[in-house]
Amino acid sequence: MSNAPLMPKATAVWLLDNTALTFDQVADFTKMHQLEVRAIADGDAAQGIKGMDPISNGQLTREEIEKGERNPDYRLKLQESKVTLPPQVKRKGPRYTPVSRRHERPSAILWLVRNHPELKDAQIMRLVGTTKSTIQSVRDRTHWNASTLTPMDPVTLGLCSQLELDFEVQRAAKEKPVESAYAGATLLPASETTRKEPEFETSEKKSDDLNVDAVFAKLKTLGGKKQDEEE
């Protein structure tokens with residue numbers, strides 16, 4: 001049972017017009033602010049609202065009102081309803097999307113399909129409140145407005161919150177991890193860049209040795225020729 005009566009403003013109008021209760025008592029019973037109750041009494045608020053008798057609908061008794069009229073500090077007690085309603089089971093259904101936002105759902109679907117291909121159709125349906133056929137038509141580019149669709153973030157469009165999007169993305173990543181693709185060349189650590197290649201040094205040294213030997217052999221040949229000429 002709610003702590004406030006049904007139609008609190010209408011109830012406040014009736015109590016102000018038909019009882020001698022104080023503003024504090026009326027405000028406490030209707031769960032309204034005292035200034036709002038005073039505005040109703042002055043005619044500045046709730047204009048055109050017809051008062052509703054809380055006695056006729058069983059939310060208040062005449063004896064309870066008389067107690068309050070005799071004692072300004074007394075607080076009225078809301079009567080319990082004699083009719084017990086069964087608890088209403090909340091049914092899960094597709095997310096409700098305002099009419100003004102429904103034409104933006106295909107753009108949000110296109111954004112999700114391109115930026116988060118790991119998301120399943122059921123997850124996209126929960127995020128933007130769409131149907132599986134619409135998602136498939138956007139994927140296949142067979143949507144009637146496919147030529148003019150522009151990818152737009154569903155969070156920016158107000159179709160879902162960032163927390164909801166992050167939750168679905170993380171859930172999809174856990175169920176089906178995205179394979180890491182080759183990201184191109186990366187920088188090598190300093191230990192690799194400063195380390196000298198032994199093969200390069202050996203080959204360079206061999207090259208130098210070969211050059212020195214060739215020079216000495218050539219000089220020796222020239223020396224021999226010069227000695228023959230002198231003889």
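Parameters and conventions
Residues numbered from 1 in each chain as written. Predicted model: local features only at pLDDT ≥ 70, side-chain atom pairs only at ≥ 80, totals over all residues. Heavy atoms only, no water. Helix = DSSP H or I, 4+ residues; strand = E, 2+ residues; numbered from the N terminus. Contact = heavy atoms within 4.5 Å. Polar contact = N/O pair within 3.5 Å; in protein donor to acceptor, adjacent residues only side chain to side chain. Expected span 1.5 Å × (residues − 1). Buried < 20%, exposed > 50% of the residue type's maximum accessible area, 1.4 Å probe, protein only. Arc of directions from axis to C-beta. Core = buried A, V, L, I, M, F, W, Y, C linked by side-chain atoms within 4.5 Å. pLDDT = per-residue confidence, 0-100. Axes fitted to C-alpha atoms, helices over the stretch in contact; angles between N-to-C directions. Parallel < 35°, antiparallel > 145°, perpendicular 65-115°, else oblique. Left-handed = near helix turned anticlockwise from the far one by under 90°.

Moving on to the environment of Lys31. Relative to the helices and strands, Lys31 is located in the loop between helix 2 (23-30) and helix 3 (34-42). For the pair Lys31 and Pro5, spaced 26 residues apart in the sequence, the C-alpha separation amounts to 8.4 Å. Apart from residues no more than four positions distant in its own chain, Lys31 is found in contact with Asn3 and Ala4. Within the structure, Lys31 has its side chain in polar contact with the backbone oxygen of Asp28 (distance 3.4 Å).

A few words now on helix 10 (residues 162-175). An α-helix turns once every 3.6 residues. As a result, residues three or four positions apart point the same way. The terminal C-alpha atoms of helix 10 lie 20 Å apart, and with 14 residues this matches the ideal 20 Å at 1.5 Å per residue to within 8%. Burial in helix 10 covers these residues: Leu165, Glu168, Val169 and Ala172. Viewed end-on, helix 10 has its buried residues packed into an arc of 100°, placing them on one side of the element. The exposed set on the far side of helix 10, more than 90 degrees from its buried face, consists of Leu163, Gln170 and Lys174. Looking at the buried side of helix 10, the elements it contacts are helix 6 (105-115), helix 7 (121-128) and helix 9 (154-157).

Among the nonpolar cores identified, the biggest contains 19 residues, and Ile109, Leu112, Leu119, Ile124, Leu127, Val128 and Leu165 are the most heavily contacted of them. Put simply, the parts of the chain that give this core at least two residues each are helix 6, helix 7, helix 8 (132-139) and helix 10. Among the elements that line this core, the one with the most residues is helix 6, at six residues. One finds Val13, Leu15, Leu21 and Phe29 within the second-largest nonpolar core, a separate group that totals 17 residues.

This part takes up the confidence of the model for the chain. Per-chain confidence: the chain averages 78 in pLDDT, with 65% of residues scoring 70 or above. Of all secondary-structure elements in the chain, the lowest mean pLDDT belongs to helix 12 (residues 198-230), at 57, while helix 2 reaches the highest, 92.

With respect to the helices, strands and loops of the structure, Thr130 is situated in the loop between helix 7 and helix 8. A relative accessible area of 9% places Thr130 in the buried class.

In contact at an axis separation of 11 Å, helix 6 and helix 7 are set at 140° when each is read in the N-to-C sense. Relative to helix 7, helix 6 is oriented oblique. In this structure, helix 6 meets helix 7 at a crossing whose hand is right-handed. Facing helix 6, whose interface residues are Arg105, Ala108, Ile109, Leu112 and Val113, helix 7 presents Ile124, Leu127 and Val128.

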